Structures are given as structure tokens and as C-alpha cells.
Amino acid sequence: MGKKSFRPQYDFQPQLTRLHWLVRRIQRGDYPSQGVLAAEWEKTTRTIQRDLDFIRNVWGLPLEYDAYKYGYYFSEKIGKFPMIPISERELVSVFIAQKALHQYRGTPFEKPLQSAFSKLVSGLQGEISVAWADLDSAISFRGIETNPGDVEILQRLGEAVRTRHEVEFKYFKPAANPRKGGLDGGEPRCVRPYHLACIANQWYLFAYDPMRQAIRKFVPGRMRDLTVTRTRFERPPNFSVDRLLAGSFGVYSGGELQEIRIRFDRAKAALIRERKWHHSQKLKELKNGELELTMKLSSFVEIVPWILSWGEHARAVAPASLVQAMREVVSKLKDVYRG
């Protein structure tokens, strides 16, 4: 009978995440035993032993056992770690995904997203080893931070959406009279929460309002005295946020779809070509390097300030109602800056 060759079998997906944790745990320097590590990770001592063998024999880390302290330690200082094996193609997509998770910090979705991301990363295998710290200065996302005061409200709304329970709260809208500033006096609302969405760095609750018999959207940060009631409801099977926002430039929609046309001068045309601004957009090249952007929207609420953000480089040309809306805003701006 020939001699069998020993080749340890490793389950890379959950194990890789656990291995990184074990290395960080042992680096604390308190000489954890095999039993302690098994209890902390809720695994058998046999599983932990295979992990320790992998750290020592496959990764080649200086892992030692102290017989007097009954625990493990590293006999030499470990450099950059953890290292994640990853291919070049995976590098871009995975790291960008990791950075994009930043906008969900402090929300009910942070932990499940982080957990899913960790499982994804643990299964990656490739030809390049990359330290996360080395990439941190190369790729980043910038946006509006989550207000810590809204976290509890988001958590409770998320639970209500999941369990299909009506919610009651006092809702404060921006004051109707701009001169008064701030928010109005608040109004009691009772709604059926259908969906939570983060759009343009702002959270919105889409809910059915039985009193108004229509879907309404609410900003969680404007809610006070939120209560999740015991009253349950069934969400309509045909409800779709995508369909609800089909005609919006962001979150505002309503009325019939209208084809709008915006012209950009040569100075900004290249920037418009670089991005997908709306799912319905069409681009038309004009003379002298100018560009015309066409979209189908049902509301001007968000497109007007967007056009203004381009300054003298953008001009609304159709429909006439959009051109008029732009003229009115520009006229008011003249009054603001006069003198």
C-alpha cells in the first residue's frame, strides 16, 4: 500500500475571515488558549487548531505556544496585516464597494451590509495581495454624513417596514413662509411604511397615508415622537419604488412625463458626456462643441436647481414651462444680489 500524502483541506470562505480575526486576537498579547479562542468564535477546538496550523504553516507567521502561560503568541512583530488575496479586477470593485458602505454607517443596514461584505471578501482568491490601509488614500467617497440623532428613528422605521406595522409620529415640514425659517408647528400622522430609501445622501420613508389615500414620502429627520403601533397591514404586491420615481430626477415626481431639453456650452459639454444623469437621457452633439441633454421628467422641483448649478454654461430650452420656471428663479436671484 502506498503512503498517503497529507494535504490539509481548508474551507476558504468562512475560514479566511476567522483567520484574520485570530491573528488580530493573538496580537493583543494576552496569550489566548485554544479553548478561549474556540469559545470566543463559537467553534470547536479542533477547528481552531486547523486555523492555527494554517496561520503557522501556510501563511508562515511566527506563531508560537507558551507552555507556561498555556497560550499562543507571535515571536516576532508582524508587518502589514491583514492581507487579502485579490485579483486586479476584484480589487477595484470590492474596495469601492467597501468604501461605499460608509454612507450606511449608523443606520440599521450597517451591520447586515458589513456582514455580507465580509463574507464576500473572505471568498476572494487571486494573484495580488493588498493591504486595505494602502488603498485608503487612493479611493474615497464623499457625501453628507448620517445625523446621529436620526439613527434610532431609522432603526425603528426599518423594523416597522419589515414587520408591516403602522407608525405614528409628529411630522414637521419646512415653514411655508420662508421669512419665518425653520420648520412648521408639526402635524400628527399615521401611515403604513412601505419602503426606506437613501436617495442623494438623504433618507426617505415611502408610506401609504390612509387619511389622504395616497403614497407620501417623509424625511425621518423631521419626525418626532415616533411610535410603532400594533396595527398590521399588507403591502400591495404591485408597489414599486422604481415605478414611483420613474419620472423624477431624484425623489420628486408627479404629473405627466415631459421631455425637457438643456443645452451645455463647450466648456461643460465634456463633463455631461462623462456621466449617466438619468435613465431616460439622450445626448445630441451640436455645433461648436455644444451638447444638448434630453430627459423625460414629471417634476421640475429638482431639475431647476441642477441647471442653475452649472451657472452660465447651461440653458433650458424646452418645454416652455421649464424655461419660464428658470426665468422666475433667475429674476429672484437678481433681486437677492442687487446692490
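Residue positions are given per chain, counting from 1 as you read along its sequence in written order. Where local features are concerned, this predicted model is filtered to residues with pLDDT of at least 70; where side-chain atom pairs are given and counted, the filter is 80 or more; whole-chain, interface and lining totals use all residues. For side-chain calculations, the full set of non-hydrogen atoms in the structure is used, while hydrogens and water are omitted.

Here we look at the pairing of strand S2 (residues 71–74)
Strands pair, by our definition, only if DSSP identifies at least two bridges between them. Secondary structure elements follow DSSP: runs of H or I of four or more residues count as helices, runs of E of two or more count as strands, with numbering from the N terminus. Relative to S2, strand S1 (residues 63–66) runs antiparallel, the two sharing four bridges. Considered in S2, the bridge of Leu63 is made with Phe74. Between the antiparallel neighbours S1 and S2 lie four residues, among them Tyr70 with a positive phi of about 55°.

Re helix H3 (residues 45–57)
The span expected for a helix works out to 1.5 Å for each residue beyond the first. An ideal rise of 1.5 Å per residue puts 18 Å on 13 residues; H3 measures up with 18 Å between its terminal C-alpha atoms. For H3, every residue scored as buried is listed here: Thr47, Ile48, Asp51, Leu52, Phe54 and Ile55. Burial along H3 is one-sided: seen end-on, the buried residues are contained in an arc of 155°. Those residues of H3 that are exposed and angled more than 90 degrees off the buried face are Arg46 and Asn57. We call a residue buried when its accessible area falls under 20% of the maximum for its residue type, exposed when it is over 50%, and partly exposed in between, using a 1.4 Å probe and counting protein chains only. Note: the arc covers the axis-to-C-beta directions of the helix.

A few points about a nonpolar patch on the surface
A contiguous nonpolar patch, built from Leu333, Val336 and Tyr337 and spanning about 360 Å² of accessible area, is present on the exposed surface. Inspection of the secondary structure assignment puts Leu333 in helix H11 (residues 320–337). Under the relative-accessibility criterion, Leu333 is labelled partly exposed at 37%. Only residues whose relative accessible area exceeds 30% and that take part in no salt bridge are eligible for patches, with like-charged residues grouped when within 9 Å of each other and nonpolar side chains (Val, Leu, Ile, Met, Phe, Trp, Tyr) grouped when within 5 Å. Only the protein chains shown count as cover for residues, with accessible areas throughout obtained via the Shrake-Rupley method and a probe of 1.4 Å. What counts as a salt bridge is simple: a side-chain nitrogen of Lys or Arg found within 4 Å of a carboxyl oxygen of Asp or Glu.

Digging into the packing of helix H2 (residues 34–41) against H3
Axis lines are fitted to C-alpha atoms, over the contacting stretch for helices. Their N-to-C directions set the angle, which ranges from 0 to 180 degrees. H3 packs onto H2 with a crossing angle of 110° between their chain directions and a minimal axis gap of 9 Å. Of the possible angle classes, the one that applies to H2 and H3 is roughly perpendicular. Contacts from Gln34, Gly35, Leu37 and Ala38 of H2 reach H3 at Thr45, Ile48, Gln49 and Leu52. Among the residues making up the contact of H2 with H3, the classes are represented as four nonpolar, four polar and no charged. By the definition adopted for this analysis, an angle is roughly parallel if under 35 degrees, roughly antiparallel if over 145, roughly perpendicular if from 65 to 115, and oblique otherwise. Any pair of residues with heavy atoms lying within 4.5 Å of one another is described as a contacting pair. Just so you know the grouping, Ala, Val, Leu, Ile, Met, Phe, Trp, Tyr, Cys and Pro go in nonpolar, Asp, Glu, Lys and Arg go in charged, and all remaining residues, Gly too, go in polar.

A few points about the pairing of strand S6 (residues 187–199)
As paired elements, strand S5 (residues 165–171) and S6 share five bridges and run antiparallel to each other. Bridge pairing links Tyr171 to Glu187 in S6. As paired strands, S6 and strand S7 (residues 202–209) are joined by seven bridges and run antiparallel to one another. Bridge pairing in S7 places Ile199 opposite Gln202.

Concerning the nonpolar core
Nonpolar cores were defined as sets of buried Ala, Val, Leu, Ile, Met, Phe, Trp, Tyr and Cys residues, with membership established by side-chain atoms within 4.5 Å. Among the nonpolar cores identified, the biggest contains 27 residues, and Leu157, Phe169, Leu205, Phe206, Phe218 and Met223 are the most heavily contacted of them. Breaking this core down by element, the ones donating at least two residues are helix H7 (151–163), S5, S6, S7 and strand S9 (223–232). Not counting residues within four places of it along the chain, the set of residues in contact with Leu205 comprises Leu157, Val161, Pro193, His195, Leu196, Arg216, Lys217, Phe218, Pro220 and Met223. Counting 23 residues, the second largest nonpolar core, distinct from the first, contains Trp277, Leu322, Ala325 and Met326.

Take it as geometry only, folks, not as evidence of what the structure does.
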